[in-house]
Amino acid sequence: MSNEGAVHLEIQGGIASVTFDRPEARNAMTWSMYQRLRAICEQVREDHAVRVVRFQGAGGEAFVAGTDIAQFQHFEGGKDGVEYEHRIDGTMQLLAALPMPTVAVVQGWCIGGGLAIASTCDFRIATPTAKFGVPIARTLGNCLSMGNVAALVANFGRPRVQRLLMLADMIGAEEARACGYVLEIAEADAIEAAAQKLCAKLASLAPVTQQVSKEALNRLLKHGLPDAEDLIRRTYGSEDFKEGVTAFVQKRSPAWKGK
């Protein structure tokens, strides 16, 4: 494995296990990792023997800590941001379109693109130390696509999403369970057993009912989303976004200008 990271797929007993493997960077996603995730989704979608797909991060410290900031250093303007958000949306659409139930097994940080992946899954279980957030108002000064925002609102509700996006707040495991986002909390030494138990239960139930129910819920979420390309262009084309990326790389606090 290079510093580009890897995404591994293992299928056993009707359960597909997908692992984001870049622990030295808290499993932050590179372009090649997103490409591999898309390929895995396409492969698993056509495998009728797979009854459940579970996703987890390697190393125990993070599920996925967002997209690797280095991926943004060569952005030149709003067009790059639009293309990036379209790429992320396309990946999430492939994940959402998996006909079988999906489970995110979250240990530690679940940030940005990691939160998008976990939110696209049907169920989430987490360790007590799990943290969920999109702290872009504090870090990069970028934004999310309308589809990503809609998925967060569907999972957390508008007031919590306002906290996530506008206050850069983090939501802990207990609050995530209280609002229904997290199904179960298990200690680190028990999370694997909890994941296996949940996957086994899902695999034992009527697959057609699961598939149809999932698609019905997906159609509700996709219905009538307004266009937000102008918002994405404005954000990724701003001086603040360039400052956010530079400050992050230089390990200093950004100096926002509102331009």
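Here the structure is shown first, and the text comes after it.
All figures in this text were calculated on a predicted structure; none of them were measured in a lab.

Visitor: Run through the packing of aromatic side chains, naming residues and quoting values.
Guide: Counted according to the given criterion, the structure contains 13 aromatic pairs. Measuring from centroid to centroid gives 5.4 Å for Phe132 and Tyr181, while their planes differ by 80 degrees, and the two rings are edge-to-face. In this pair, Phe132 is assigned in strand E8 (residues 131-133) and Tyr181 in the loop between helix H6 (173-178) and strand E10 (184-185), connecting sequence segments 49 residues apart. Accessibility assignment for this pair places Phe132 and Tyr181 in one class, buried. Among the aromatic residues, ring-to-ring pairing joins Trp31, Phe72, Phe75, Tyr84, Tyr236 and Phe241 into one connected group. For the cation-ring pair, Arg87 lies above Trp31, with the distance from its terminal atom to the ring centre recorded as 4.5 Å. Lying across the ring of Tyr181, Arg124 places its NZ or CZ 4.1 Å from the centre.

Visitor: An account of helix H3 (residues 113-120) is requested, with residue identities and associated values reported.
Guide: Most of H3 sits inside the fold, with eight of its eight residues counted as buried. Residues Gly113, Gly114, Leu115, Ala116, Ile117, Ala118, Ser119 and Thr120 constitute the buried set of H3.

Visitor: Pulling in residues and values, what's your account of the packing of helix H4 (residues 146-156) against helix H5 (residues 158-166)?
Guide: One way to put it is that H4 packs onto H5 with a least axis distance of 7 Å and a crossing angle of 125 degrees. What the angle tells us is that H4 and H5 run oblique. Both H4 and H5 take part in a crossing whose hand is right-handed. Seen from H4, the contacting residues are Val149, Leu152, Val153 and Phe156; seen from H5, they are Arg158, Arg160, Val161, Leu164 and Leu165. Looking at the contact of H4 with H5, its residues break down into seven nonpolar, no polar and two charged.

Visitor: So, the side chain of Asn155: which residues are in play, and what are the values?
Guide: Assignment of secondary structure puts Asn155 in helix H4. For Asn155, the residues in contact, after removing those within four places along its chain, are Ser119, Arg124, Cys179 and Tyr181.

Visitor: I'd like to hear about the pattern of salt bridges, residue by residue, with values.
Guide: As enumerated under the stated definition, the model contains twelve salt bridges in all. Residue Glu243 is joined to Arg252 by a salt bridge in which the shortest nitrogen-to-oxygen separation is 2.7 Å. A relative accessible area of 17% places Glu243 in the buried class.

Visitor: Pulling in residues and values, what's your account of the side chain of Asn148?
Guide: Mapping Asn148 onto the fold places it in helix H4. Residue Asn148 is classed as buried on the basis of its relative accessible area, which comes to 10%.

Visitor: Outline the pairing of strand E3 (residues 52-57), supporting the account with residue identities and numerical values.
Guide: Most of E3 is tucked away, with six of its six residues classed as buried. Every second residue of E3 is oriented toward a common face, with Val52, Arg54 and Gln56 on one face and Val53, Phe55 and Gly57 on the other, all of them buried. Crossover strand E2 (residues 15-21) to E3 through helix H1 (residues 31-45) is right-handed. With four bridges connecting them, E3 and strand E5 (residues 102-106) associate as parallel partners.

Visitor: Describe the sheet that holds strand E4 (residues 62-65), listing the residues and the values that go with them.
Guide: The pairing of strands in a sheet comes from backbone hydrogen bonds and takes either a parallel or an antiparallel form. Taken together, four strands build an open sheet; the order of strands is E4-E6-E8-E9 and the sheet is mixed. For this open sheet the edge positions go to E4 and strand E9 (170-172), each flanked by a neighbour on one side alone. When the angles between neighbouring strand axes are averaged without regard to direction, this sheet yields 25 degrees. As judged from the three bridges shared by E8 and E9, these two strands associate in the antiparallel manner. Looking at E9, one finds that Gly133 is bridged to Met170.

The rules behind each value
Residues numbered from 1 in each chain as written. Predicted model: local features only at pLDDT ≥ 70, side-chain atom pairs only at ≥ 80, totals over all residues. Heavy atoms only, no water. Phe/Tyr/Trp six-rings, centres within 6.5 Å; stacked < 30°, edge-to-face > 60°. Helix = DSSP H or I, 4+ residues; strand = E, 2+ residues; numbered from the N terminus. Buried < 20%, exposed > 50% of the residue type's maximum accessible area, 1.4 Å probe, protein only. Lys NZ or Arg CZ within 6 Å of the ring centre and 35° of its normal. Axes fitted to C-alpha atoms, helices over the stretch in contact; angles between N-to-C directions. Parallel < 35°, antiparallel > 145°, perpendicular 65-115°, else oblique. Left-handed = near helix turned anticlockwise from the far one by under 90°. Contact = heavy atoms within 4.5 Å. Nonpolar A, V, L, I, M, F, W, Y, C, P; charged D, E, K, R; others polar. Salt bridge = Lys/Arg side-chain N within 4 Å of Asp/Glu carboxyl O. Right-handed = clockwise from strand over helix to strand, strands pointing away. Pairing = 2+ DSSP bridges.

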